[in-house]
Amino acid sequence: MKKILLLICVSLIIYSCKNDQQKSPAQQAAAVATAPTTTPAEKPKAEQNIVEEHLPIVDTGQTWFRVKITKNDSLYMDYEGSWPVFFESNNSATLQLSKSKQIMSVSDILTFYMNGVPTGKAPVVLSNSEKGTVSMIMMPVIDGAYGLAISATEGFFTITKNVNSIVSGNFEAKAIDLNKDVFLFRGYFLNAKINPDKI
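What counts and how
Residues numbered from 1 in each chain as written. Predicted model: local features only at pLDDT ≥ 70, side-chain atom pairs only at ≥ 80, totals over all residues. Heavy atoms only, no water. Phe/Tyr/Trp six-rings, centres within 6.5 Å; stacked < 30°, edge-to-face > 60°. Helix = DSSP H or I, 4+ residues; strand = E, 2+ residues; numbered from the N terminus. Buried < 20%, exposed > 50% of the residue type's maximum accessible area, 1.4 Å probe, protein only. Contact = heavy atoms within 4.5 Å. Salt bridge = Lys/Arg side-chain N within 4 Å of Asp/Glu carboxyl O. Core = buried A, V, L, I, M, F, W, Y, C linked by side-chain atoms within 4.5 Å.

Caption draft 1: Inspection of the packing of aromatic side chains at higher detail. Tallied over the entire structure, the rule returns eight aromatic pairs. For the ring pair Phe65 and Tyr79, a centre distance of 6.2 Å and an interplane angle of 85 degrees mean the geometry is edge-to-face. Placement of the pair is Phe65 in strand E1 (residues 64-71) and Tyr79 in strand E2 (residues 74-81), with a sequence separation of 14 residues. Phe65 gets classed as buried once you look at its relative accessible area, which sits at 0%. Looking at Tyr79, the relative accessible area reads 5%, which means it is buried. Measuring from centroid to centroid gives 6.4 Å for Phe183 and Phe185, while their planes differ by 25 degrees, and the two rings are stacked. Under the relative-accessibility criterion, Phe185 is labelled buried at 1%.

Caption draft 2: Examining the side chain of Asp181 more closely. As for its position among the elements, Asp181 is in the loop between strand E11 (166-176) and strand E12 (182-195). Leaving out residues up to four positions away in the same chain, Asp181 has contacts with Lys71, Asn72, Ala175 and Ile176.

Caption draft 3: A look at the pattern of salt bridges. Under the defined criterion, the tally for this structure stands at five salt bridges. Residue Arg66 pairs with Asp78 through a salt bridge whose shortest N-O separation is 2.7 Å. A residue pair is termed long-range when its members are at least 10 positions apart, and Arg66 in strand E1 and Asp78 in strand E2 qualify at twelve residues.

Caption draft 4: Focus on the nonpolar core. In this structure, Phe86, Leu110, Phe112, Phe157 and Phe185 are the most contacted members of the largest nonpolar core, which totals 31 residues. Within the residue set of this core, elements represented by two or more residues are E1, E2, strand E4 (92-98), strand E5 (109-114), strand E7 (134-139), strand E10 (150-163), E11 and E12. If you tally residues by element for this core, the top one is E12, at five residues. Filtering out sequence-adjacent residues up to four positions away, Leu110 remains in contact with Val67, Tyr79, Leu95, Gln96, Leu97, Met136, Ile137, Met138, Phe171 and Phe185.

What follows is the structure, encoded as C-alpha cells:
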C-alpha cells in the first residue's frame with residue numbers, strides 16, 4: 001500500500017512539472033506582460049514624492065512665509081520664517097522675505113515691489129511701472145556681502161487674502177542672471193501685516 005501511495009505522489013509531481021513546461025509561448029508572453037514592472041517598495045516612494053509636492057497650505061492665523069529657489073533645476077535656497085515685512089506708501093507697496101530675522105544684518109532677501117496692492121493675481125514683470133504689476137529682486141549674499149541683484153522677468157504674484165491690512169498670498173517667478181543661470185522662485189506668505197510706512 002505504501003509503495004502504491006509513493007508511486008501516485010511521484011506521478012503527480014512529474015505530471016505537474018510537465019504541465020508547467022507545456023505552457024504555450026502565448027501564455028508565457030501574457031504572464032510576462034501582466035507581471036508588475038516595479039517592486040512594491042518603489043511604487044509608494046513615487047506616490048509619496050507626488051503628495052509632498054502638492055501639500056496644501058493651511059492658514060492657522062499665524063504669520064509665516066516660505067521661499068524656495070532653484071538654480072538650473074537644482075535646489076539653490078529654501079528658507080522660511082515668521083517675519084515678513086509688508087509696507088505700503090502712497091500707491092506702492094513692498095513685501096520683503098528675508099532669510100534672517102535680523103533685518104539690518106546682511107542676509108539673502110527677496111523683495112517684491114507692487115504698483116498698488118494687487119487684488120488677485122498680478123503678473124511679475126521686470127519693471128512695475130504699470131498699475132497692477134509686480135517686480136521682484138533677489139539680493140543673494142556671497143562671501144558675507146551682497147552680490148549682484150537677480151531680477152525676475154516673468155511669473156505671477158497672487159494675493160489670496162486681504163482683510164484688515166492682513167494679507168496672504170503666493171508667488172512664482174523666473175529670472176536669468178548675467179551668467180545665463182536660470183532661477184525659479186516659488187513661495188507663499190501667510191498673514192503678513194501691511195505697515196503704513198517703510199520701516
